[in-house]
Amino acid sequence: MNNFSELKVWQKSMTLVENFYQLTSTFPKEDKFGLKNQIQKSVVSIPSNIAEGAGRNSNKEFKNFLGIANGSINELITQLKISARIGYVSENELEGIFGHLTEIKK
């Protein structure tokens, strides 16, 4: 169907993965809530689902996987808000991140 690596949404979400791995590297080593791992899983699933959907046989299937990627973005937003509430990241750090996530969702 599509060459996923040419899709701008896939490219932007790959950059997002890099940014989140850098961000979570600052989380405490004793991260008792497992947020670092959960955030990394959520952010990796975004470009992964876009790529998988692009490899499917129909636009309907592709849209389904875009919906799954969108769900991962919502999951990621929730995990980031939890991270801010418990002091792992500041609200200022999240402002730019939320803008980037909103752009990918569109």
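Above this text you will find the structure in question.
Residues numbered from 1 in each chain as written. Predicted model: local features only at pLDDT ≥ 70, side-chain atom pairs only at ≥ 80, totals over all residues. Heavy atoms only, no water.

(A) Main features of the packing of aromatic side chains. Scanning the entire structure with this criterion turns up 2 aromatic pairs. The ring of Phe98 has Lys81 lying over it, and the distance from NZ or CZ to the ring centre is 5.8 Å. (Phe/Tyr/Trp six-rings, centres within 6.5 Å; stacked < 30°, edge-to-face > 60°. Lys NZ or Arg CZ within 6 Å of the ring centre and 35° of its normal.)

(B) Just the pattern of salt bridges, in detail. A full pass over the atoms with the stated rule returns 3 salt bridges. Between Arg56 and Glu52 there is a salt bridge, with the nearest N and O atoms lying 2.6 Å from each other. In this structure Arg56 comes out as partly exposed when scored by relative accessible area, which is 29%. Judged by relative accessible area, which is 37%, Glu52 ranks as partly exposed. Within this structure, Glu52, Arg56 and Glu61 form a network of salt bridges that share partners. (Salt bridge = Lys/Arg side-chain N within 4 Å of Asp/Glu carboxyl O. Buried < 20%, exposed > 50% of the residue type's maximum accessible area, 1.4 Å probe, protein only.)

(C) Highlighting the side chain of Asp31. Within the secondary structure, Asp31 is located in the loop between α1 (8-24) and α2 (35-54). The charged side chain of Asp31 is buried without a salt bridge, its nearest counter-charge being Lys36 at 7.2 Å. Of the polar contacts made by the side chain of Asp31, one reaches the backbone nitrogen of Lys36; its length is 2.9 Å. Discounting chain neighbours no more than four positions away, the residues touching Asp31 are Lys36 and Tyr88. (Helix = DSSP H or I, 4+ residues; strand = E, 2+ residues; numbered from the N terminus. Lys, Arg positive; Asp, Glu negative; His and termini not counted. Polar contact = N/O pair within 3.5 Å; in protein donor to acceptor, adjacent residues only side chain to side chain. Contact = heavy atoms within 4.5 Å.)

(D) Looking closely at a nonpolar patch on the surface. A surface patch of nonpolar side chains, about 270 Å² in accessible area, is lined by Phe33, Ile82 and Ile86. Structurally, Ile82 can be placed in helix α3 (residues 59-85). Residue Ile82 is classed as partly exposed on the basis of its relative accessible area of 37%. (Patch = residues over 30% accessible without salt bridge, like charges linked within 9 Å, V, L, I, M, F, W, Y side chains within 5 Å. Areas by Shrake-Rupley, 256 points an atom, 1.4 Å probe, with all protein chains shown as cover.)

(E) Local environment of the packing of α2 against α3. Between α2 and α3, the shortest axis-to-axis distance is 8 Å and the interhelical angle comes to 165°. In terms of their interaxial angle, α2 and α3 are classed as roughly antiparallel. The chirality of how α2 crosses α3 is left-handed. In terms of residue class, the contact of α2 with α3 is built from 15 nonpolar, 8 polar and 2 charged. (Axes fitted to C-alpha atoms, helices over the stretch in contact; angles between N-to-C directions. Parallel < 35°, antiparallel > 145°, perpendicular 65-115°, else oblique. Left-handed = near helix turned anticlockwise from the far one by under 90°. Nonpolar A, V, L, I, M, F, W, Y, C, P; charged D, E, K, R; others polar.)

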